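Residue-level structure breakdown
Each chain, written out:
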Amino acid sequence: MIKNYFITALRTLRRNKLFALINVLGLSVGISAALIIYLIVQYDFSFEMFRKDKERIYRVVTNMSFAGSFFPNSGIPYPMIDATRKEVPGIEASTSFFVASTTKAVVPRQDRSPVEFRNIENLSYADQHFFRFFSYRWMAGAPSSLDVPYHVALTVSRAGVYFPGLSPSQVIGKTIIYDDSIHCTVTGVVQDVQENTDFTFKEFISLPTLRYNDNGNLINQEWGSVNSAAQLFVRLEKGVTPRQIERQLAILRKKHHDESKDTVNKTAHLLQPLTDIHFTGPYDNYGQRQASKPALYGLLVVAIFLLTLGSINFINLTTAQAAKRAKEIGIRKTMGSSRRQLIFQFLSEALILTLISALLSLLIAPWLIKLFSDFIPAGLRLNLSGRPDIYLFLLALVIIVSVLSGFYPALVLSRFQPVLVLKNQAYAGTAVSRSALLRKSLTVFQFVIAQAFVIGTLIVGSQIHYFLNKDMGFKKEAIIFFNAPWNVANPAVKDRLLMDKLRTLPGITRLSLGGSPPASGNINSSTFSYNDGKKEISTDVQIMDADSAYMGLYELRLLAGRNILPGPDSPAQMVINRTYANILGFTNPGQAIGKFIDKEHLIVGVMEDFHQASLHKAIKPLALMSNKDNIFKRFHLSLPNTPAGHTSWKTTIAAVEKAYNDTYPGEDFHYQFFDDSIARFYIAEQHMSSLLRWATGLTIFISCLGLLGLVIYATNLRTKEIGVRKVLGASVAQIVSLLSKDFVKLVCIAYIIAVPIAWYGAHRWMENFAYRTTINWWIYALSGLIMLLIALLTLSIQTVRAASANPVRSLRSE
């Protein structure tokens, strides 16, 4: 019986090749997109899911509030580690470690000179508690060895880099020298974690080493000092809630740190679930890629829409052809077929089409991987071997789509009565109206989705264009910057030496040595106080390290006073922005000149506001100051911004690199263009724009496939009418208009429905930005025009062909 279902289904599909092709194309695009989206979503949500008791493991994080500004930090105060273990009930186990950064590691070799490795990543300070908390397989050595200073454990992969050709047991006892000062002995080798995790550490220096060699000042016994490198994880006892522990942590902090006198600064410690670390939020995840949950949910919505649109095509085309299959159904019922058998017959047709689409989707998927490249993590590939979950997903998808697309047509077609069918009355009256209304409603739904995506794409593109082209209050074109090495001998002397060399290069128009660029993610802040004679005004102020050339290079506009002057200054000079001047109560920028902040910082100038970060955030109070004690300096270079100047950039940058290498031998030269760093502020929005563009293209493609199928069916059904109208003198344009107007009405109705939906979604999305573009009426008008033109182009493929056909052949075909 089942074999007969499939044989009959194949014959039916062979008789309707065009409609079968339209259905297969629509479903295959939807299934392949759903497959890729499944791989992405499954990958990102699998992080840390392999760990035992993951639902009870949390990271302790810190939220700091300074004068109304919120500063999240993934670290904790160092003394909190032991205090939590001893004084907080409800914690089953805990572990702490420090995320470390180092510039180089030297591996001595007996038979030849030492080998130096630079820019070492994935390094941490840990003890045996870490390896008992997070399970690792030890290939050699034991966790207890990390309770001794100057010991280090390596993963198998890192051991292979440092000591190629040696087994884990042979690596034990070898020496590694970090940053020319930390001499460590390898006492353990652990297996690399194969599962998806953000704990990608490759080297574990024993935690007690920090007490003897804390060059990075990671250990600070003050409760008021929070270091993002200090990490604390806890595993709660069963039945204990995070809220209970957070209350205990608040009591613990109050016990050890008196904040009653500080009404401006507040600090709280919260618990972050282990499985949330991988996702974007206020806290970092050790420099690893973070996924965006809203983006992943957006991808799931796209997958559902694409599958739904493909299924709608099947429903529309199948019910549209119901009249053609009415006699077949009547004869089958007369010969004894039950309604259930007919339902299975039509479902088998849907199943075959979906199976073909699923196989075709495996061929389309690699192409779609390129389309979704912005969302696909590095290394994620469509690898079917060893992935039974992919086969199960495809099987579930085939079953769901087959039932979703085939069940309603099966119910409609199997309901026909044989007596009415054989009298050609089965598909008339109410049945026709009901089926036509359903097809129109589903077509409108398809184009509502497509239209909403078109509007969303235009609005997101407009906002990104606004981001990248808005005047942020400073010059950003033709400027490069790079870091000055801080861990070299006499860094200040070498910085000045490089400045002198750079001044001799002809391709540099301006030069500055300071801190971060005007807009970056590396701005420090401090609380400053000013007494206006009536009250004390405390404000959290962002601080930028700048020299006297900084303002001119970035073309910062001075409103009153003067720039910072070079040379020794006492008291310290400060140029503040308009926002800070307004907070201090000065209505005229000139009124702030000569005033003292904290009795030691002299305001010498007031500058116009500029954006210190992305346009997601409002402008903050800011002060430019010359900090000679800051060892983390950056060189800022302005290049000629003319067509002729652009051609010399490569030569100039090569000369800068040579001067850098001569001044800092052995250090790597890395530079950035300032406008590129600004563009990276909006990488999430650019990814969203890319997603919307491809989602829009795919939804329009599937919707137009369905529209094409319906217009083909409609013109075939009206072949005789078209021939008669042409004989009576109707023009091609009149016939095309006749055949298209009903479908154009559906597209217009979809537009009317989609506009308020898209408007609401766009306004909710734009609430995330402190500064946003205006959504002009022409965006909605343009989107409607685009959709109408695409629909007319799709319709014209068949309507023009039908209207241009020879009427003699049309009448003969009847």
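Preceding block: the structure.
Notes on the structure follow. Small disclaimer: the values here were computed from a predicted structure and weren't measured. (Residues numbered from 1 in each chain as written. Predicted model: local features only at pLDDT ≥ 70, side-chain atom pairs only at ≥ 80, totals over all residues. Heavy atoms only, no water.)

With respect to the overall build of the protein chain
In terms of helices and strands, the protein chain carries 25 helices and 24 strands. The buried share among the 814 residues of the protein chain stands at 50%. Of the contacts made within the protein chain by residues no fewer than 6 positions apart, 80% connect residues no fewer than 24 positions apart. When the accessible surface of the protein chain is summed, it comes to about 38,500 Å², and 58% of that surface belongs to carbon and sulfur atoms. (Helix = DSSP H or I, 4+ residues; strand = E, 2+ residues; numbered from the N terminus. Buried < 20%, exposed > 50% of the residue type's maximum accessible area, 1.4 Å probe, protein only. Contact = heavy atoms within 4.5 Å. Areas by Shrake-Rupley, 256 points an atom, 1.4 Å probe, with all protein chains shown as cover.)

Some remarks on unusual backbone geometry
Positive phi values are uncommon outside glycine, yet Ala-478 reaches one of about 60°. Considering the arrangement of structural elements, one finds Ala-478 in the loop between α14 (430-469) and β14 (479-483). Backbone geometry places Asp-598, a non-glycine residue, at a positive phi of 55°. Relative to the elements of secondary structure, Asp-598 occurs in the loop between β20 (596-597) and β21 (601-607).

Focus: the sheet that holds strand β24 (residues 671-673)
Here we have four strands laid out as an open sheet, ordered β15-β23-β14-β24, and antiparallel in their pairing. Since the sheet does not close on itself, it has two edges, and those belong to β15 (510-514) and β24, each with one partner. Averaged over all pairs of adjacent strands, the angle between strand axes in this sheet comes to 20°, irrespective of strand direction. Lying on the sheet, helix α15 (residues 491-503) is in contact with β14, β15 and β23 (634-638); it crosses β15 at an angle near 170°. Sheet strands touched by helix α19 (residues 649-663): β14, β23 and β24. Its angle to β14, the strand with the most contacts, is close to 20°. (Pairing = 2+ DSSP bridges. Axes fitted to C-alpha atoms, helices over the stretch in contact; angles between N-to-C directions.)

A short note on the environment of Lys-741
Relative to the assigned elements, Lys-741 resides in helix α23 (residues 732-766). For Lys-741, a relative accessible area of 42% gives the class partly exposed. Here the alpha-carbon distance between Lys-741 and Leu-795, two residues 54 residues apart in the chain, equals 10.0 Å.

Looking at the packing of helix α2 (residues 17-45) against helix α21 (residues 683-717)
Closest axis-to-axis distance for the α2/α21 pair is 10 Å, and the angle between their directions is 165°. It follows from the interaxial angle that α2 and α21 lie roughly antiparallel. Judged by the twist between their axes, the crossing of α2 over α21 is left-handed. Between α2 and α21, the residues in contact are Leu-18, Phe-19, Ile-22, Leu-25, Gly-26, Val-29 and Gly-30 and Leu-698, Phe-701, Ile-702, Leu-705, Gly-706, Gly-709, Ile-712 and Tyr-713, respectively. (Parallel < 35°, antiparallel > 145°, perpendicular 65-115°, else oblique. Left-handed = near helix turned anticlockwise from the far one by under 90°.)

So, the nonpolar core
By size, the foremost hydrophobic cluster in this structure holds 82 residues, and its most contacted members are Phe-474, Leu-556 and Leu-624. Residue contributions to this core peak at 13 residues, all from α2. Ignoring anything within four residues of it in the chain, the contact list for Leu-556 reads Gly-473, Phe-474, Tyr-550, Met-551, Met-607, Phe-610 and Leu-624. (Core = buried A, V, L, I, M, F, W, Y, C linked by side-chain atoms within 4.5 Å.)

Quick notes on the side chain of Thr-95
You can see Thr-95 is positioned in strand β3 (residues 91-100). For Thr-95, the side chain forms a polar contact with the main-chain nitrogen of Phe-130, separated by 3.1 Å. (Polar contact = N/O pair within 3.5 Å; in protein donor to acceptor, adjacent residues only side chain to side chain.)

Structural notes on the pattern of salt bridges
For the coordinates displayed, the defined rule picks out 18 salt bridges. Lys-255 is the salt-bridge partner of Glu-87, the closest N and O atoms lying 2.9 Å from each other. Of this pair, Glu-87 sits in helix α3 (residues 80-87) while Lys-255 sits in helix α8 (residues 242-256), and the two are 168 residues apart along the sequence. Assessed through its relative accessible area of 59%, Lys-255 is described here as exposed. Between Glu-667 and Arg-118 there is a salt bridge; the shortest N-O distance is 3.4 Å. With Glu-667 in the loop between α19 and β24 and Arg-118 in strand β5 (residues 115-118), the pair connects residues that are 549 residues apart, well separated along the chain. (Salt bridge = Lys/Arg side-chain N within 4 Å of Asp/Glu carboxyl O.)

Worth remembering: the numbers are spatial, not functional.
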